[in-house]
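Each chain, written out:
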Amino acid sequence: MLVLAQAVSPSAVFGMGSISRTAQEQLAQLEKASAPFTDQLVEATKFIGVDLGTIQRPAEAATKKRKEDKSMVYYAREEWLLRWLLKKLQAGKDDMPRKIPLAWQLFNYLATTLPRAILAQLLTERRFISILRQTLEEANVSAKAPRLTKERSHRDSSSTLEDTSIRSSKKRKRSPELLEEPEDSNANSLSPLLDAIYTALNSMVQSTKAISCTDEDGKSAVFAAEYMKTALRTSAQEASTILGLWLSLSSHVLKARDYTVTNISSWLEPFLGIWEIRTLGDSDLLLFSQHATQSLLGLLRSIRGPGSQRSDWLAQLEQLIARNVILPAQSENLENKDSTLLGTLTKVAVIQDTMNAAVFFDVAIRSIQTYRAQRRRPQDGAWLQTTFTTLKNNFLVQRQEENSQALLAMVQSAIKYKVDLELPILRQITSTFALPEGRSDWSLVAALIKLDANIFLIPDPERDLLTELLTRLTQVSITPEWSDMAEKIVLDVAVPLMSEFAKARDLSGFINHWYLQLVEFEKLLQAEQLFSMYTFGTWEDGALQTQLNKLLEPSLTLQQIAAILDWLETAVDEHPNAVCVILEAVAGSISQEENVDALGLRLYHIMFDNGRSEKVDARYKWRSWRIISQTMRWATGSALEEAGQLVEESAKPFDELKKRSRSDTLLEIYDGNSVSLDSLEMLRCICATWVAADKGTLLETSSEKVALGFLEQLARDLKIFPTDLIGDTDLGRSDCGYPLNTLYRDIGWMFWSFTRCVLEEYPGILALCPKLNGPETFIEMLKHIFWIASASALQSQVENRIKWLYRNPDAFQYLWIDTIQNDIVLNSPSIIKAMINIMLSQTFNTENPLVKQKTLNVFSIKSLLKLPLEVLSKNDRERVLMIWSAPHKLDSGDLKLTQSMCDPALLSLKVKVMRRPTYYKDMCFQDLIRIAQTISDVEDKDLKTLVALFKEYVRLTIIQMTVNMDQVRDRTYISDGIRDIKKILKSTSSSKKEGDLAHSYIALADTTLSVLRSRSIVLNDLNIISTNKLDKLSASLKEYLLDHFRALLKKAIKSSSKSESKSFANESIALLCTIDSLNTLGVTSTELQVIGEKAKKLANLESSKAGDVLETRNRLNTFMTTHSESIRLENVGERIQGDISTIYGRQSILENVRAATSGKDEKSKLLLLHSIFGTGLANMHHLDKLLAARYVIASCEDTRRPQTEDGDDREFENQPFDLSSAYSALCGHLWKTTSLRQFCLLSEIMELMLRTKGRSMSQWNIDNTLGSITIICSRNGPLLRSNNAGTIYLHLCRLVQAVLVSHRLQLQGHFHIVVQVMQTLLRCLFTPLPHSTTKTTKFLVPPPWLSSPRHQLGAKHAAAYTRLVTLICDPSVSSVTRSQHNNLNSATDKAKGIAAQHMQYVLTSYIKLQLEMRMAPEIREKMVSGLYAIFDTTNMEMRRMISDSLDASGRAVYGTLFRDYQKFGKWKGS
C-alpha cells in the first residue's frame, strides 16, 4: 500500500530516489556478506534519507522533522524498511537484532512516521507482539544468567560477526556514528535496550487512545486508535507474560541503579496498556496470577524498601494488584461466601515468598472505600477478615520464621488502619506463631497486644495464653541473650500489657500477676544460682515502675489501693523480695492528697516491721531504701512526726543509716569498676528524709547528723574523682542520663548519680552543707563539681581528652546549670553566693587540675549568664567587670587568650551586668577602646553579633556615666571619652592607609556620640562640652563616614565580583556599621546621591544573592530607600523583606515601613497594607511580610466603619479594603498556621487591632475571632509542635481577654460563642486518663499541639484562664458601659446577670471533666478563684438547676465545690 504524502518538485524526487537506490544496493551487499547488524542499520537509515542522530531522538522530535521535511512524497520507503526491520527482528536463530537498541530506535522512528493504518497492518502481519515477547524473554534470561556465562556465550556467538566486521571495514569506511554491539547482557547494558523498547511501545500504546490521535488523511482519530488496538491486542496469556517479563526486567534495572534511563517514571504504562486492551477471557485472572504476580510483588517490595528511588511506581503497582486480584476476589466473595478465588490467585505467590501475603493484605485494606463518617461497612470488615484468614492458610508450615515475619507485617497493617480481626484467629496466631513450643516471637507478641490485648485478657478455655506469656517473660530473663533484648521486651510487651490491664479496669489483677511472676523469677534465680545476675529481669525493670506511676491513682480508688496493701502485708513474710519490688512501685505512684493522708507510713511498716527487711536478699535490699525515699517525697503531718520518732529511736532501717554515715566513702566496689546501688539509695533516703522535715522538728534534728555524715563522704569522694579522671582510671562506659537496668553500675556513673542526688533531686539538702566539718569543705565540694563541669565543656577542643568526660560531656554541665537555676538554690542566699563566688574565682582554667591551661573559662561565663540578674550583688557585678574588663592586663604575647576575652558570651554577660548601674575600680574610657581594638583584630563568623553586643555594652556604659555627671568620677569619664573620640576622628585625617577606622571604632564613636547628644543640654550646662562643639564633632564623624562609605562600596564590589569571601566579610561588617552610624547621625538624600550608583551596582551583582552578601545588600537597599526623596507605593510590599530572627532584619523592615508610610494618608496606607498581603493573600506565610503589616496597621488611624442603612456592618464583596478586611484575613489564617512564629505574630497583630483599632472592628470580626479560637483548640487545630503548647495557649487567652476588655458590648446576644470558647479552653487544662473511653473525652479530643503527654499546660496557664472567667463574671465598669449611660441601671449588674445565665455551662463542663479526665493539683489550685467568681453570679434557684442537671457523681463534686465556696469564697459582709 502506497500513500501519497505531499507533492514536491521532480528534481527533488529524482535526487532522493538516487540516494535511496544506492543505499538499498549497499544494504543488500551487507546482508549477503553477513556484515554486523549495526552496519546494516546505518545503511538502512540512509535508505529513508535520515541520519543516526534523527533516529535516536525521541519520537516527538522525529515526528516534527517529518512534518517539516518537504522532500518526501511517498511512505513506500518507510513501509519497505519497516517490513525489512520486522523480518530481522522476527528471525528466530539470530537474536542480535533484538538486542541492539538502535534497531528499536529505528522501529520507533518508522512507527511514528507511518500512518496508523499502515503501521497496524504491518504489525499484525509480522506478529509484533510475539517479537516483543521473545525480546523480553531473551533479555530476562540474560539478566538472570551468571556474568561469566553471559560473557563467554556472547563471545562464542559473536566471533563470526566480529571477523566479518573487520573484513568489511577494509572495503569501506563506516560512519563515525556507528554504534558498537553490546558486550554483555547484565542489567546496566540492558538499560539502553529496555529504554528503546519502552519508547517505541509507549508511542504505539498512546496512539490507541483516541484523545491522543489526530486525524490522518481524513480518517477519524477513533478509527486510527482502533487500528492500533487491533495490532496490539493479544491473548490474556501473552499479555500477562509480557507484563510479567517487563516487571522482572524493571527490578533488575532498579537493582543496577542506572539513573540514565529517560522517562523511567512512566516505564510501566505501555505494558499496563497492553494488558488492559487484551482479548478478554474467563481465565484472565488465573493467567495474571501465574505469569505476572510474582514479578509484580517482587518489584513492589523493592520499591517499598528504604532508599527506593521509584516511589512513583508504587500507586500503579498497587492498583494493578487491586484490580486483578483483590477487587475481583472481593466481588466474588460478596456473591458467594464460600468462594476460593482469593486463595487461588494468591496461593502460588505466597508459597513462593511468604512476605507477599503482607503486601496482599495491605493493598486489600486500602482498597476499601470509606463512606462518609463511617470508616468501613460491616461487609468490608468481614471481607478483610476473610482475606487475612485466606492468606494465613496459604502459609507453608515448614517456614516458621518467615511466616511469623509475614504475620507481623499483616498485624502492623491492621494496627495502622484500625482493622478488627476475630479473637479466635488472633489466639490461633498467638499459639502457633507468636508463642509456639520452644520459641517466642516477641515482636509479633508486641504487635498482637497493640492490636487486641483481649487475646490475653479474656480467658481462653483451650489454652491459658496469659499465663503462658507471663511465664515466658519470666523465663527469658535468665537466658544468655537477655541483656540484648531486655529493653525491647519490657517496653514493647510488659509495659503495654500493664496499660491494657488498666484500660480493662483490672490493674489490681496485673499487680497480682506481677507479684506471682516475681516469686517465680526468684525461684529460677535460686535454681540457676544467678542471684547476682547483672541485668534486671522483666519484672524488676524500672520501666514497669514508671508506668505504674502513671496508672495507679487514675485507675484505682483508695479502697482498692488499701486492699492491695493489705494483701501485700500478708505476703511479705513469705516472699519479702517480691513484695519489696511492688511496694517500691506503689510508693512512687502516690501523689493525691486523699491517698497521702490515708496511707501515711503504711508502706514503711509493711516492709520494715518485725524485722522483715532483714529477710530481703541483697539483690533487692537497695529497693527497700527507695520505699522510704519515695514515701518521704509525699508524706505530710503526722507521718513525718512518726518518721522523726523512728529516726530518733534508730528503728529499722535507720540504725543502718546511722552506722553507714560513719563510713569513709560512699562507694562500695563490687567487682573491678562496678558499684552496688545500696550506697546511692541510702544517700537518697537520708536526703529525702531531711528535706521532707519541717524546720525545728524532731525529724530534722534526728536526721541532720546522719545526713552530714553522708555529705562528708560525698565531699571526700568528689575530691578523689578528678584524680581518677586524670589518671584515666577505668570509670566505665555507661552514658549518664540514659536509663539503665543493671544491678551494678560503673564508678563514673555512680559519681554522677551521687552529685545529681544532691544538686538536682534534693537541692534542699545543700542548706545543710555549710555545717560540714571545716568551713571550706562545702566550698571544696562545689569547686570540684565545677572543675569537672568546666573540663567537660572543653573536651571537644583539646587534644589530650579524658575518655569519660568525652563520653559524657553534658553530664556535669547540666547538673551545675540546673542547680543554679533551681528556685530552692536561688532562694537560699548562702548557697547561691557560694556558687557565684566559685564561678567568679574560676574565670580562667589555670587552677583546674583537669585542664591546667591559661584559657578563659567559657563554662563559667555561660553559667553566670543563666543566673537572674537579681541574685548578683553589687560586689559580684563589680567583680565581673573588673576581672574581664581590661584585656591589656593579660599576657600581651598570648594573642589567642587576648582575643578570647571578646567572646560573644562574655560580652553578653557584660551587657547583662551593665543593665544595673555598676562601677568598678579604675573604670575609664580606655577600657572600651582596648575592647574595640581587640574586636578589630578578631576574625570570627560571629563578628556581627560581637559588634552588636559591643555597641550595647558601650551604650549602657555611657548612659550610666551620664546620669550623675556632677560627680568627679563620671565627669572625668565623659571628658576622657570626648577627648579620646576626638583623637580617633583626628587620626582619620592622616594617610589613607592608616586613617581608615575599624568597624569596632566606628561603633564606639557612633554609640558614644549618640548618647552624648541626647544629654547635650546637661553637658553644656556643666561646661564639659558645648552643644556647638558636640554638633561639630558629630558632623566630623558623619563627613568621614560618607567618604568611608564610598570607599567601602568600591572595595565590596571588587571583593564580591572576585568571590573573595574572606575579604568581603570584613567589608561587609564595616558597611553595616557605617550604615548604622549614618542612620543614627542622620543623612539627607542629597548627601547620598554620589553613593547611589555604587550601591545599585553592588545590589545587582549575581554573587549578592546568598550569605553575607545578601544581608549586606538588603541592608544597603533599605538604607538607600529610606533616605531617597520619594518612595513609590507600587509593589512596595514585595520590596519589604528581611530576616525577622535578627535585630537588623527587623530594623530593616521597620525602616522600610516608616519610609513608605511617612506623610501618606489613610488610603495610601491601606493600599500599602493590601500590597504587603499580596495577591490572594499569598504573603500570609511570610514572616517578614506579617511584621511589615503589623507596623503599617499600627500607623493607621482607628476610624469607625460605615454601616448600611439598617445598621448592619457586615462586609460585602464590593466593599473597599480596610482594617476590618485586613483583620478578617489575619483571623482566617490564624488556625492554618504551620509554625509557632507565624502563629504568635498573627495573634499579636490581632490583639493589637482589638485593643487599639476597636472602631474599625465589625461584629463579624469579633465572632470570627472567637470561632477561630474554638477551631484552634479542637482536633482540627494547627499542626504545631507540642513543646510550644503553653505559648499557644497564652496567646489564645490574650486574644479572648482583648475581646472581653475592649469589645464586651458587642458580645450581647453572642454570649453562646463565648461559652463555647471557654469550654474548649477549659478542656485544654485537663489530661485524658489512660483508660478513658467516655463520650465526652471522645468528643473533646485535644488539639494536635496538645497531644503529647510530655507537654501539657501548667499553673500559669490556669491562672490565665481564671483571669478570663473573672473578667466575664466580674467585669470592669469601663468594659460594659457606653459614653451615654443611664445611671439608674447598673451596667455591671446587668453584665453579671448575662454571665450567670451562660457561665453555668462552663461550671458543669468543669465538673464533668473532673470525673472523666485528670487535672494537675497546681492547675486545680489556680482554678479556685474562677469557680468562686461563677458562684458569685448565681442565685439559689440557678444553683438548684445546676445540681439537677448533673448525675450522682457530678452532684457530689458540685456539692464539694459549693461547700468550699461557702466556707472560703463567699463574701459574708463586714
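Below you will find a few notes about this structure. The model shown is predicted, which means the values in this text are computed figures rather than measured ones.

Scoring rules and cut-offs
- Residues numbered from 1 in each chain as written.
- Predicted model: local features only at pLDDT ≥ 70, side-chain atom pairs only at ≥ 80, totals over all residues.
- Heavy atoms only, no water.
- Salt bridge = Lys/Arg side-chain N within 4 Å of Asp/Glu carboxyl O.
- Helix = DSSP H or I, 4+ residues; strand = E, 2+ residues; numbered from the N terminus.
- Buried < 20%, exposed > 50% of the residue type's maximum accessible area, 1.4 Å probe, protein only.
- Phe/Tyr/Trp six-rings, centres within 6.5 Å; stacked < 30°, edge-to-face > 60°.
- Lys NZ or Arg CZ within 6 Å of the ring centre and 35° of its normal.
- Core = buried A, V, L, I, M, F, W, Y, C linked by side-chain atoms within 4.5 Å.
- Contact = heavy atoms within 4.5 Å.
- Axes fitted to C-alpha atoms, helices over the stretch in contact; angles between N-to-C directions.
- Parallel < 35°, antiparallel > 145°, perpendicular 65-115°, else oblique.
- Nonpolar A, V, L, I, M, F, W, Y, C, P; charged D, E, K, R; others polar.
- Expected span 1.5 Å × (residues − 1).

Our next topic: the pattern of salt bridges. Scanning the entire structure with this criterion turns up 44 salt bridges. For the salt bridge of Arg 133 with Glu 137, the shortest nitrogen-to-oxygen distance reads 3.1 Å. A residue pair is termed a helical-turn pair when its members lie 3 or 4 positions apart in one helix, as Arg 133 and Glu 137 do in helix α9 (residues 128-144) at 4 residues. Judged by relative accessible area, Arg 133 falls into the partly exposed class, the value being 24%. A relative accessible area of 30% means that Glu 137 is categorised as partly exposed. Across the salt bridge formed by Glu 780 and Lys 783, the nearest N and O atoms sit 4.0 Å from each other. Here the residue Glu 780 and the residue Lys 783 both occupy positions in helix α39 (residues 777-792), the gap between them amounting to 3 residues, near one helical turn.

Moving on to the environment of Ala 1035. With respect to the secondary-structure elements, Ala 1035 resides in helix α54 (residues 1027-1057). Assessed through its relative accessible area of 39%, Ala 1035 is described here as partly exposed. With 46 residues separating them in the primary sequence, Ala 1035 and Leu 1081 have C-alpha atoms 8.1 Å apart.

Below, the discussion takes up the packing of aromatic side chains. The final tally for this structure, using the stated rule, is 31 aromatic pairs. Judged by centre distance (5.9 Å) and plane angle (45 degrees), the ring pair of Phe 1431 and Tyr 1454 falls under tilted. Taken together, the positions of Phe 1431 in helix α71 (residues 1417-1433) and Tyr 1454 in helix α73 (residues 1448-1465) put the pair 23 residues apart, joining distant regions of the chain. You'll find Phe 1431 and Tyr 1454 in the same group, each marked buried. Each residue in the set Tyr 1428, Phe 1431, Tyr 1454, Phe 1458 and Tyr 1461 is aromatic and connected to the rest through ring pairs, giving one cluster. Over the ring of Phe 536 we find Arg 623; its NZ or CZ atom is 5.1 Å from the centre of that ring. The ring of Trp 749 has Arg 745 lying over it, and the distance from NZ or CZ to the ring centre is 4.8 Å.

Further remarks concern the nonpolar core. Membership of the largest hydrophobic core comes to 363 residues, with the highest contact counts inside it found for Trp 514 and Trp 816. Once you skip the residues sitting within four places of it in the chain, Trp 816 turns out to touch Leu 782, Ile 785, Phe 786, Ala 789, Met 835, Ile 838, Met 839, Phe 859 and Ser 863. One finds Ile 1149, Trp 1345, Leu 1367 and Ala 1429 within the second-largest nonpolar core, a separate group that totals 96 residues.

Helix α50 (residues 968-987) packs onto helix α49 (residues 943-961) with a crossing angle of 135 degrees between their chain directions and a minimal axis gap of 9 Å. In terms of orientation, α49 lies oblique with respect to α50. On α50, the residues that touch Thr 957, Ile 958, Gln 960 and Met 961 of α49 are Arg 969, Asp 970, Tyr 973 and Ile 974. Its residues assigned to classes, the contact of α49 with α50 shows 4 nonpolar, 2 polar and 2 charged.

In this section: the environment of Ala 453. Along the chain, the position of Ala 453 falls in the loop between α23 (442-451) and α24 (454-457). Separated by 48 residues in the primary sequence, Ala 453 and Phe 501 place their C-alpha atoms 8.6 Å from one another. Residue contacts for Ala 453: discarding those within four places in its chain leaves Leu 448 and Glu 500.

This next bit is on α49. When the terminal C-alpha atoms of α49 are compared, their 27 Å separation across 19 residues agrees well with the 27 Å that a helix rising 1.5 Å per residue should span. With 14 of its 19 residues buried, α49 lies for the most part within the structure.

What follows covers unusual backbone geometry. In this structure, Pro 653 follows Lys 652 across a cis peptide bond, with omega equal to 0 degrees. Within the secondary structure layout, Pro 653 lies in the loop between α34 (638-648) and α35 (654-660). Phi at Arg 127 is positive, roughly 55 degrees, even though this residue is not glycine. Take Arg 127: its relative accessible area is 54%, and that puts it in the exposed class. The backbone of Lys 418 shows a phi angle near 55 degrees, a positive value even though the residue is not glycine. Of note, Lys 418 is situated in the loop between α21 (400-416) and α22 (423-434).

Honestly, it's all geometry; don't read function into it.
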